[in-house]
Amino acid sequence: MAQKQNTLRVGLVGAGIGGLAAAIAIARAGADVTVLEAAQELGEIGAGIQMTPNAARLLRAWGVDKVIGDNLVRFEELNLRRKDGTKVGGGPTIRVEKTLGQPWWLVHRAHLHEGLVDVARKNGCDIHIDSRVASISYQTPGPVQVQTERGATFSFDLLIGSDGVGSIVRRTLFPSVKPSPPTTNCAYRAVVPYSQIRKDPSLVELVSKPTMEVWMAPHAYIITYPISAGKDFNMVLSHHRPNPVIAVEDVDMNDFRNDYRDFDPRIRKIIDMVPTAKRWPLLVTGPLDTWSSPQKNVVLMGDAAHSMVNHMAQGAATAMEDGAFLGRVLRETVSGRLSLAEAITIYEKSRMPKAYFKQQVSFLNGYIWHLPEGQAAINRDKAMEVELKGEQPMRTPNLYVDPTTVLEVYGYDAEADADEAIRSFLEQHESKDESTGITKKEADKILNWFLPEEERFLIPSKF
Ligand SMILES: Cc1cc2nc3c(=O)[nH]c(=O)nc-3n(C[C@H](O)[C@H](O)[C@H](O)COP(=O)(O)OP(=O)(O)OC[C@H]3O[C@@H](n4cnc5c(N)ncnc54)[C@H](O)[C@@H]3O)c2cc1C
């Protein structure tokens, strides 16, 4: 293939939400970006997805929000309920949005994906469909060589594995890593049109304004929210199976309805309206010891590196953060301030603990929402009582509004974090005087401005 001279050539395997986010960020950094996608058409299956404020921040920074428009839905209120429908916690979303200065959006995956594709193309990314990567060669000196199942070949300075939980890039680097469901927990996804729900007057409380509703129950929960410009009611229904679920499954709708037979009669009525649903596995990857090849010319991101359970709505958000972070460090490689290996080292050092933290907090929220009947559930609900009085608690098991968790998870700014990590790396690696540790920057500020050139302290050539 024809290649431009002197540009950083970055290849991404996988045009999912993470891969496209990374493509946008890296193209904006000045690199030449090619995305290889296995599917014959671009798109996302499934239903809705939350774009929590940490992800919304990136959609806004890249202008993706403008493309998606009204299909990004905001909600006014979060209600946490017991399975019989009794409200036990929650509150207005505006508090979180105002504190973080970012919206909390709900969106159909297809709309999000379309927006990302559009912006990636506008930024010059070259997206190839029907291009399933079959082999990767990265150990010999020179560019990484990639071959697709259809026989097309590509070469890149850096190859990024954004190819999801079954990643061929990860299998090539780390063949022994096997994503697996840590428990028998899994989830149905389903969508019902609001127009159908509104026909039943007993459901008015659930549909009179845009809200996110969570029914918590022993070993199961249901979370619902509006998507598609408020036209569709999206549901994620957590449950357990006798055995761990490892792949997306078609389901018997009687089983589906039966799993929630003792829930709030109102949500059961909506469940009865669901025509079809699928069961999704909740596979966890890692934590891995490293995300990259020893040569730092192949690196993982998103679900390929750190798939997690869905209970904090952070899988795609974390993949987008990886992409944003990669964009910032690779910008420094394009400008010559960092080598490629340094950029990837900074990325791994910062992002690996962040992703692990998200994996753990996601488990913990699942634990909280699935608590069995008993003292622990009573304590949980009691601790949230202040929320029902309209107060903002200092600490709450409702992690979607808990101040510490909100700041750590939803307040995280991947681009600012990357800039800080780059600054700190450059400072640490700055030339220093061997005996005193004085850096060139310090000497320039205090001495070098008045010393004659030949007497200047720490002239770089002396190092
Ligand atoms: C029930 C449920 C609810 C969820 N809710 C949320 C939520 O509200 N918010 C949130 O942030 N996250 C949520 N997630 C998680 C989120 O869906 C994933 O973390 C996210 O989609 C991962 O994105 P990715 O780009 O890393 O991988 P993927 O979306 O899996 O994309 C990988 C891409 O790579 C392609 N590919 C695979 N192999 C190859 C190959 N060999 N060659 C070329 N291309 C290849 C695939 O076709 C695909 O397009 C949820 C997950 C589940 C299961």
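Residues numbered from 1 in each chain as written. Predicted model: local features only at pLDDT ≥ 70, side-chain atom pairs only at ≥ 80, totals over all residues. Heavy atoms only, no water.

The protein goes by FAD/NAD(P)-binding domain-containing protein in an unreviewed UniProt entry, where it is assigned to Glonium stellatum. According to the UniProt record, the Sequence similarities (unreviewed entry) comment for the protein is "Belongs to the paxM FAD-dependent monooxygenase family." (UniProt positions renumbered as here; feature names shortened; annotations may be inferred.)

Chemist: I'd like to hear about the sheet that holds strand β8 (residues 126-128), residue by residue, with values.
Modeler: On the basis of which strands lie adjacent, the open sheet formed by five strands has the order β8-β2-β1-β12-β19 and parallel pairing. The strands lining the two open edges of the sheet, one partner per strand, are β8 and β19 (298-300). Taken over all neighbouring pairs, the strand axes of this sheet differ in orientation by 20° on average, direction set aside. (Pairing = 2+ DSSP bridges. Helix = DSSP H or I, 4+ residues; strand = E, 2+ residues; numbered from the N terminus. Axes fitted to C-alpha atoms, helices over the stretch in contact; angles between N-to-C directions.)

Chemist: How would you sum up the packing of helix α1 (residues 17-28) against helix α5 (residues 109-122)? Please name residues and give values.
Modeler: Where α1 meets α5, the closest approach of the two axes is 9 Å, and the angle between their N-to-C directions is 25°. One element, α1, and the other, α5, form an angle in the roughly parallel class. As for how α1 packs across α5, the hand of that crossing is left-handed. Of the residues in α5, those in contact with Ile 17, Leu 20 and Ile 24 of α1 are Arg 109, Leu 112, His 113, Leu 116, Val 117, Val 119 and Ala 120. (Parallel < 35°, antiparallel > 145°, perpendicular 65-115°, else oblique. Left-handed = near helix turned anticlockwise from the far one by under 90°. Contact = heavy atoms within 4.5 Å.)

Chemist: An account of the confidence of the model for the protein is needed here, citing residue identities and associated values.
Modeler: Of all residues in the protein, 98% attain a pLDDT of 70 or more, and the chain-wide mean is 95. The low-confidence segment residues 1-5, where pLDDT is below 50, has five contacts with residues more than four positions distant or belonging to other chains. (pLDDT = per-residue confidence, 0-100.)

Chemist: Go over the UniProt feature "domain: FAD-binding" (unreviewed entry) in the protein, please, and point to the residues and values.
Modeler: If you check UniProt for "domain: FAD-binding" (unreviewed entry), the listed places come out as residues 9-353 in our numbering. As annotated, residues 9-353 has a helix share of 34% and a strand share of 28%, and its two end C-alpha atoms lie 27 Å apart.

Chemist: So what's going on with the pairing of strand β11 (residues 153-156)? Residues and values would help.
Modeler: The two faces of the sheet receive side chains in turn, since in a regular strand these alternate between them. In this sheet, β11 lies alongside strand β10 (residues 144-148) in antiparallel orientation, the contact comprising four bridges. Note on β11: the bridge partner recorded for Gln 147 is Thr 153. Here β10 folds back onto β11 in antiparallel fashion, the turn holding four residues, of which Gly 151 has a positive phi close to 95°.

Chemist: Break down helix α2 (residues 53-61) for me, citing the residues and quoting the values.
Modeler: Most of α2 is tucked away, with seven of its nine residues classed as buried. Among the residues making up α2, those that are buried are Pro 53, Asn 54, Ala 55, Ala 56, Arg 57, Leu 58 and Leu 59. Taken from the residues just after α2, Gly 63 is the one with a positive phi, measuring 80°. (Buried < 20%, exposed > 50% of the residue type's maximum accessible area, 1.4 Å probe, protein only.)

Chemist: Can you lay out the side chain of Asn 448 for me, pointing to particular residues and giving the numbers?
Modeler: Note on placement: Asn 448 falls in helix α18 (residues 440-448). Judged by its relative accessible area of 5%, Asn 448 is buried. There is a polar contact of 3.0 Å between the side chain of Asn 448 and the backbone nitrogen of Phe 457. (Polar contact = N/O pair within 3.5 Å; in protein donor to acceptor, adjacent residues only side chain to side chain.)

Chemist: Quick one: what's the story with the domain arrangement of the protein, residue by residue and with numbers?
Modeler: Taken as a whole, the protein is organised into domain 1 (9-72 + 106-179 + 285-412), domain 2 (185-281) and domain 3 (420-458). Using C-alpha coordinates to define each centre, domain 1 is positioned 37 Å away from domain 3. With nine residues of domain 1 at the contact, the number on the domain 3 side is four residues. Where domain 1 abuts domain 3, roughly 560 Å² becomes buried across the two surfaces, and 83% of that area is made up of carbon and sulfur atoms. In terms of surface lost to domain 3, no three residues of domain 1 exceed Arg 337, Leu 338 and Ile 346, which account for 56% of the buried area on that side. Linking domain 1 with domain 3 are zero salt bridges. The interface formed by domain 1 and domain 3 holds zero residue pairs in polar contact (both at pLDDT 80 or more) in total. Counting only elements with at least two residues in the side of domain 1 that touches domain 3, the list comes to α12 (315-335) and α13 (340-369). (Domains from an automatic or database assignment. Buried area = accessible area lost by both parts, 1.4 Å probe. Salt bridge = Lys/Arg side-chain N within 4 Å of Asp/Glu carboxyl O.)

Chemist: Tell me about the site of the ligand, and name the residues and values.
Modeler: Taken together, 33 residues surround the ligand, and among them Gly 18, Glu 37, Gln 50, Val 133 and Asp 303 come closest. A distance of 2.6 Å separates an oxygen atom of the ligand from a polar side-chain atom of Glu 37. Here the ligand has 1000 Å² of accessible area as a free molecule, and 85% of this is covered by the chains. At the level of secondary structure, the elements contributing two or more residues to the shell around the ligand comprise α1, β3 (48-51), β13 (185-193), α11 (302-306) and α12. In terms of residue class, the shell around the ligand is built from 14 nonpolar, 12 polar and seven charged. Here the shell around the ligand gathers at least three residues from each of two domains, domain 1 (9-72 + 106-179 + 285-412) and domain 2 (185-281). (Near = heavy atom within 4 Å. Areas by Shrake-Rupley, 256 points an atom, 1.4 Å probe, with all protein chains shown as cover. Nonpolar A, V, L, I, M, F, W, Y, C, P; charged D, E, K, R; others polar.)

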